[in-house]
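Now for the letters of each chain:
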Amino acid sequence: MRSDVAGGRPLLTIAVPTYNRAANLRLLLETLTPQVAALPEVELLISDNASVDNTRQVVEEKIAEGLRCEYIRNASNIEADPNFLQCYQKARGRYVWIFGDDDVLLPGSVQFIVNLLRRAEYEILYVQPFGFVHDLNERGQHNSSPHVIAYESAKSFLHGVGLRGDLVMLSAVIVNKDRIEAAPHPDFAEGRNTNLLQMGWTFTAMRHFRRGLIVERGLYAVCEHSPRRQFDIVRVFGPNWANAARLFLTPETTLIDAALNDQLYSWWVTNWYGARRNPDHTRIVDPVGQMRRAYGDRWRFWVLTWPLLAWPMPLAGAWLAVLRGIRHLDRALERMRHRSTAVSG
């Protein structure tokens, strides 16, 4: 179903894969409807993975109220990774922003991004989120003009992202589809069943990196009431990440090293301790063994990650506090280094 999609090639496609999150999707569409209406160069695509709740009704109501979008409803549930791939393939925009159905773009956010994309060409943008529980701006973090930093080095960009979040977050990454499709790369479908299929085009953009942007916190919010993860997070964010980096970044060995090292310094330091404290919220299988097999040849694994995996919780928590202090100092130094490359939206 297509609803009044603007003619011509869009500058940006916002593609929303969704499944059984009608209430979350409604909130997202309420903030997106006026923003998309004001920007004819933006295409909105919704890919419904055969939801059995009232997702279809929510979308049709919003279209009747004036939402301009393309609505695709799969005949059956094709699983998350293929749905992400469908979003990427169906997107007509020069840039593609695959956006989670339980995240929310605040007013003015799309205009800010479009202004950046109009001014120069980038391979990739990272948009840092902030969290909410009940109200979108309950912590006062909405900022319609956040700090933006330009990078001309893929390794520096990776490190900058790692200090603010991680590339695996779906809604945080905007890629230049034209640049990606013009470059040789493995079939993105090879990422199926990894829960990281989107890393195919993300890493391809990094391999052919010339220029990228980090947009700091302020434009969109992530709901922190996340559903239980049904997959093994150790396998996904450990071995699967390493395999995706090697597959899509080859032959750039220095970039592969940077991607693996920053994963140990970013995702595992930021997320693992909380997951270990709440094992009922996810699946955890042999963390020490899986990570040792995938990263055991790296000193950063033994220094940064292994203590968080193997030490008793009190000692792991103390080591985490040390690492957070190091990261805080690293962030301050990184911002000082890149202060002269800040740009305005």
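Since this is a predicted model, take the numbers as computed values, not measurements.

A. Spatial organisation of the overall build of the protein chain. Regarding its fold elements, the protein chain presents 13 helices and 13 strands. Computed over its C-alpha atoms, the radius of gyration of the protein chain comes to 20 Å, within 12% of the 20 Å expected for a compact globule of 345 residues. With the C-alpha coordinates of the protein chain rotated into their principal frame, the extents come out at 55 × 45 × 45 Å. In the protein chain, buried positions account for 55% of the 345 residues. Here the contacts in the protein chain between residues at least 6 apart in sequence split such that 84% fall between residues at least 24 apart. Taken as a whole, the protein chain presents about 14,500 Å² of accessible surface, with 52% of it coming from carbon and sulfur. Separation of charge centres in the protein chain, based on 40 positive and 36 negative side chains, amounts to 5 Å.

B. Representation of the state of the cysteines. All chains considered together, the criterion is met by 0 disulfides. Here Cys 69 stays unpaired: no disulfide links it, and the sulfur of Cys 87, its closest cysteine neighbor, is 12 Å away. With a relative accessible area of 0%, Cys 87 lands in the buried category.

C. Here's a closer look at a nonpolar patch on the surface. A cluster of nonpolar side chains, namely Trp 299, Trp 302 and Val 303, defines an oily patch on the protein surface of about 330 Å² accessible area. For Val 303, a relative accessible area of 39% corresponds to the partly exposed category.

D. Expanded view of the environment of Cys 87. Along the chain, the position of Cys 87 falls in helix α3 (residues 80-90). A C-alpha to C-alpha distance of 30 Å links Cys 87 and Thr 253, two positions 166 residues apart in sequence. Setting aside residues no more than four positions away along its own chain, Cys 87 makes contact with Ala 15, Val 16, Pro 17, Leu 45, Ser 47 and Ile 98.

E. Inspection of the nonpolar core at higher detail. The biggest cluster of nonpolar side chains holds 111 residues, and the ones touching the most others in it are Leu 12, Ile 14, Ile 113, Phe 157, Leu 167 and Trp 201. With 10 residues, helix α8 (residues 233-249) is the largest single contributor of residues to this core. Among all residues touching Trp 201, those that are not within four sequence positions of it are Phe 84, Leu 85, Tyr 88, Ile 98, Val 175, Ile 180 and Phe 188. If you look at the next biggest cluster of nonpolar residues, it comprises 6 residues, including Phe 130, Phe 132, Ala 221 and Cys 223.

Conventions adopted
Residues numbered from 1 in each chain as written. Predicted model: local features only at pLDDT ≥ 70, side-chain atom pairs only at ≥ 80, totals over all residues. Heavy atoms only, no water. Helix = DSSP H or I, 4+ residues; strand = E, 2+ residues; numbered from the N terminus. Rg over C-alpha atoms; globule rule 2.2 N^0.38 Å. Buried < 20%, exposed > 50% of the residue type's maximum accessible area, 1.4 Å probe, protein only. Contact = heavy atoms within 4.5 Å. Areas by Shrake-Rupley, 256 points an atom, 1.4 Å probe, with all protein chains shown as cover. Lys, Arg positive; Asp, Glu negative; His and termini not counted. Charge placed at Lys NZ, Arg CZ, Asp CG, Glu CD. Disulfide = S-S within 2.5 Å. Patch = residues over 30% accessible without salt bridge, like charges linked within 9 Å, V, L, I, M, F, W, Y side chains within 5 Å. Salt bridge = Lys/Arg side-chain N within 4 Å of Asp/Glu carboxyl O. Core = buried A, V, L, I, M, F, W, Y, C linked by side-chain atoms within 4.5 Å.

Just geometry here; none of it tells us what the structure is for.
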